[in-house]
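# Examining the three-dimensional arrangement
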2 protein chains.
Amino acid sequence: MKALEEKIRQEGQVLSGDVLKVDQFLNHQIDTDFLFSLGQEFAQLFQDEKITKILTVESSGIAPAVMTGLQLHVPVIFARKHQSLTLTDDLYEASVYSFTKQTKNQITVSRKYIDSEDRVLIIDDFLANGQAVFGLLDIAEQANIEVAGVGIVIEKSFQPGAAKIKEKGIHLESLARIKSLEGGKVEFMTD
Amino acid sequence: MKALEEKIRQEGQVLSGDVLKVDQFLNHQIDTDFLFSLGQEFAQLFQDEKITKILTVESSGIAPAVMTGLQLHVPVIFARKHQSLTLTDDLYEASVYSFTKQTKNQITVSRKYIDSEDRVLIIDDFLANGQAVFGLLDIAEQANIEVAGVGIVIEKSFQPGAAKIKEKGIHLESLARIKSLEGGKVEFMTD
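What you see is a predicted model, and the numbers here were worked out from it, not measured in a lab. (Residues numbered from 1 in each chain as written. Chains lettered and ligands numbered in written order. Predicted model: local features only at pLDDT ≥ 70, side-chain atom pairs only at ≥ 80, totals over all residues. Heavy atoms only, no water.)

### What about helix H4 (residues 62-72) of chain B?
Basically, it comes down to this: The classification of residues rests on relative accessible area computed with a 1.4 Å probe and restricted to protein chains. Under 20% of the type maximum is buried, over 50% is exposed, and intermediate values are partly exposed. Helix numbering and strand numbering both begin at the N terminus, where a helix is a DSSP run of H or I of at least 4 residues and a strand a DSSP run of E of at least 2.
Burial of H4(B) is extensive: 9 of the 11 residues sit out of reach of the surface. Where H4(B) is concerned, the buried positions are Ile62(B), Ala63(B), Pro64(B), Ala65(B), Val66(B), Met67(B), Thr68(B), Gly69(B) and Leu70(B).

### Some thoughts on the pattern of salt bridges
Here is the rule: Each salt bridge in this description consists of a side-chain nitrogen of Lys or Arg and a carboxyl oxygen of Asp or Glu lying within 4 Å of one another.
Applying the stated rule across the entire model yields 17 salt bridges over all chains. With its nearest N and O atoms 3.9 Å apart, the salt bridge here joins Arg80(B) to Glu58(B). In this pair, Arg80(B) sits in the loop between strand E5 (76-79) and strand E6 (91-98) while Glu58(B) sits in the loop between strand E4 (53-57) and H4, placing the two residues 22 residues apart along the sequence. Comparing Arg80(B) with Glu58(B) shows no difference in burial state: the two are buried. Ionic contacts of the salt-bridge type, sharing partners, join the residues Lys7(A), Glu11(A) and Asp31(A) into one network.

### Re the environment of Gly169(B)
Residue and element names in this part refer to chain B. Tracing the backbone shows Gly169 in the loop between helix H6 (161-167) and strand E10 (172-180). The exposure class of Gly169 is exposed, given its relative accessible area of 66%. Separated by 20 residues in sequence, Gly169 and Gly149 place their C-alpha atoms 9.7 Å apart.

### Description of the UniProt feature "binding site: xanthine" (unreviewed entry) in chain A
Formally: UniProt positions are given in the numbering used here, feature names are shortened, and annotations may be inferred rather than shown by experiment. By the convention used here, residues are in contact when the closest approach between their heavy atoms is within 4.5 Å. Any N or O atom pair separated by 3.5 Å or less is treated as a polar contact, with the protein-specific requirement of one donor-capable and one acceptor-capable atom, and with residues adjacent in sequence counted only for side-chain atom pairs.
When the UniProt feature table is mapped to this numbering, "binding site: xanthine" (unreviewed entry) covers Leu20(A), Asn27(A) and Lys156(A). Secondary-structure assignment places Leu20(A) in strand E2 (residues 19-21). Setting aside its immediate chain neighbours within four residues, Leu20(A) contacts Ile8(A), Gly12(A), Gln13(A), Val14(A), Phe126(A), Ile154(A), Ile178(A), Leu181(A) and Val186(A). With relative accessibility at 6%, the residue Asn27(A) sits in the buried group. Discounting chain neighbours no more than four positions away, the residues touching Asn27(A) are Val22(A), Ser60(A), Asp125(A), Phe126(A), Phe78(B) and Arg80(B). Here the side chain of Asn27(A) touches Ser60(A) through a polar contact of 3.4 Å, side chain to side chain.

### Remarks on the packing of aromatic side chains
Just so we agree on the cut-off: Classification of ring pairs rests on two measures: the distance between centres of Phe, Tyr or Trp rings, Trp counted by its six-membered ring, which must be within 6.5 Å, and the angle between planes, read as stacked under 30 degrees, edge-to-face over 60 and tilted in between. Here, over-ring charges are defined by two tests on the NZ atom of lysine or the CZ atom of arginine: distance to the ring centre within 6 Å, and angle to the ring normal within 35 degrees.
Under the criterion given, the structure shown has 4 aromatic pairs over all chains. Here the aromatic rings of Phe25(B) and Phe34(B) are separated by 5.8 Å at their centres, their planes lie at 90 degrees, and the arrangement is edge-to-face. We classify Phe34(B) as buried; its relative accessible area is 12%. The lysine or arginine in question, Lys164(A), covers the ring of Phe134(A), its NZ or CZ lying 5.4 Å from the ring centre.

### Focus: helix H3 (residues 32-45) of chain B
Worth spelling out the cut-off: Each helix should span, by expectation, one fewer than its residue count multiplied by 1.5 Å.
Taking 1.5 Å per residue, 14 residues should reach 20 Å; H3(B) reaches 20 Å between its end C-alpha atoms and fits that length. Along H3(B), the residues that are buried comprise Thr32(B), Phe34(B), Leu35(B), Leu38(B), Gly39(B), Phe42(B) and Ala43(B).

### What to know about unusual backbone geometry
The phi torsion of most residues other than glycine is negative, and most of the peptide bonds are trans. Across the junction of Glu58(A) and Ser59(A), the peptide omega takes the value -5 degrees, indicating a cis bond. Along the polypeptide, Ser59(A) turns up in the loop between strand E4 (53-57) and helix H4 (62-72). If you check the backbone angles, His73(B) has positive phi at about 55 degrees while not being a glycine. Mapped onto the fold, His73(B) is located in the loop between H4 and E5. Taking the relative accessible area as the measure of exposure, His73(B) reaches 54% and is therefore exposed.

### Some words on the relation of the copies chain A and chain B
Here is the rule we go by: The copies are overlaid by a least-squares fit using only the C-alpha atoms of residues whose pLDDT is at least 70 in both copies.
Each copy superposes on the other: chain A lies on chain B with an RMSD of 0.0 Å after a rotation of 180 degrees and an axial shift of 0.0 Å. What the rotation and shift describe, once combined, is the action of a two-fold rotation axis. Measuring from the rotation axis to each C-alpha of chain A, the shortest distance belongs to Ser59(A), at 2.7 Å. A high fraction, 100%, of the interface residues of chain A reappear at the interface in chain B, so the copies pair face to face through one surface.

### Side note on the sheet that holds strand E3 (residues 29-30) of chain A
Here is the rule: At least two DSSP bridges between two strands are needed for those strands to be called paired. Every axis in this analysis is a line fitted to C-alpha atoms, fitted for helices over the stretch in contact. Angles between the N-to-C directions lie between 0 and 180 degrees.
In space, the 7 strands of this open sheet follow the order E3(A)-E5(B)-E4(B)-E8(B)-E9(B)-E10(B)-E11(B), with mixed pairing throughout. Two strands close off the open sheet at either side, each with one partner strand: E3 of chain A together with strand E11 (187-188) of chain B. Alignment of E4(B) against strand E8 (residues 119-127) of chain B, held across 3 bridges, turns out to be parallel. In the sheet register, Ile54(B) faces E8(B), and the bridge partner there is Leu121(B). Strand contacts of H3(B): E8, strand E9 (146-156) and E10 of chain B, with the helix running at about 120 degrees to E10(B), the strand carrying the most contacts. Along the sheet, helix H5 (residues 131-142) of chain B contacts E4, E5, E8 and E9 of chain B; its crossing angle with E8(B), the most-contacted strand, is approximately 165 degrees.

### Some thoughts on the pairing of E5(B)
To keep things clear, this is the line we draw: Every crossover in which the path from the first strand over the helix to the second runs clockwise, viewed with the strands pointing away from the viewer, is termed right-handed.
Neither face of E5(B) is exposed, since Val76(B) and Phe78(B) on one face and Ile77(B) and Ala79(B) on the opposite face are all buried. The pairing of E3(A) with E5(B) spans 2 bridges and is antiparallel. Across the sheet, the residue bridging to Gln29(A) is Ile77(B), located in E5(B). Note that E4(B) and E5(B) share 4 bridges and pair parallel. Within E5(B), the residue paired with Thr56(B) across the bridge is Phe78(B). As for the winding sense of the linkage, the β-α-β connection from E4(B) through H4(B) to E5(B) is right-handed.

In structure tokens, the structure reads:
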């Protein structure tokens, strides 16, 4: 998506190593009109997949997921990383390892809100090693539901997540695919 | 807002004591079309306030804030409750005490994204004791910006938050105002 690449070039910041900071429009400050256009793009890319529900993880996945849900007229469920006082139902749980923080989180989704008829679309802001997506795929498997696709705002194609998802035969769409962040410069995939 | 009261009656669950669970459409699963209508309502209520930015707290505030930002065509900033690896800027910090969890959280907002010209609207899902709103008001004060209003999806009017905000002369709008949850029954304010 050209407009997203342009936005990343203009507003993104490459931090030391392989970290791209997009706090200006996606992760901390949210450019609502721009994210609406990302939602439109996801809705179009997955329009034939008969999506019934969108699954994401708090917090940065919520805005792009909600914008997509708005276009597809389906609900969004965000998996919780932190315990909720009112989330006392039976839960699906999966373990998500964060390479950057070197910590392991349990993510949870209430069993009540997904059933075996659902065809879910997984949406997240970033795809690097794929740990969050694999946590959500694990939950989808426990719930015995079909994953109709995975939609990612920014894929770091030089990390293994994207390849691992495609190996499983899952329909993956990433709106921007980053080939390299070397030398503090963002280079996008061209194919 | 009658449609919201109806939704709470139909889908809300009163847990022991003073806890109302609305995980079915607001806090865990998000009814995107319905939340869009809440955003329209907030936008109308605050249309004369010349809002330039919306401030909320992760995670449950994000969806209603983003829906409102979409209508007012302004960005949303969500304060973080948890440390972010990429949020390395100079930060505004405030302390938020959670009565339900009996823990104290630091919430943070990057200094970069608010300036003294801003007129912010604070949006949150619930208002009970008002701790989260007062944390955001503290940050607004540090940033020397004007708070044009506070928009709340569900106010628990039997707890002191709403009165404390109004005492400060702040324009508060709550879409549903709950008088009591006694006996497991939701009773709304009628005035």
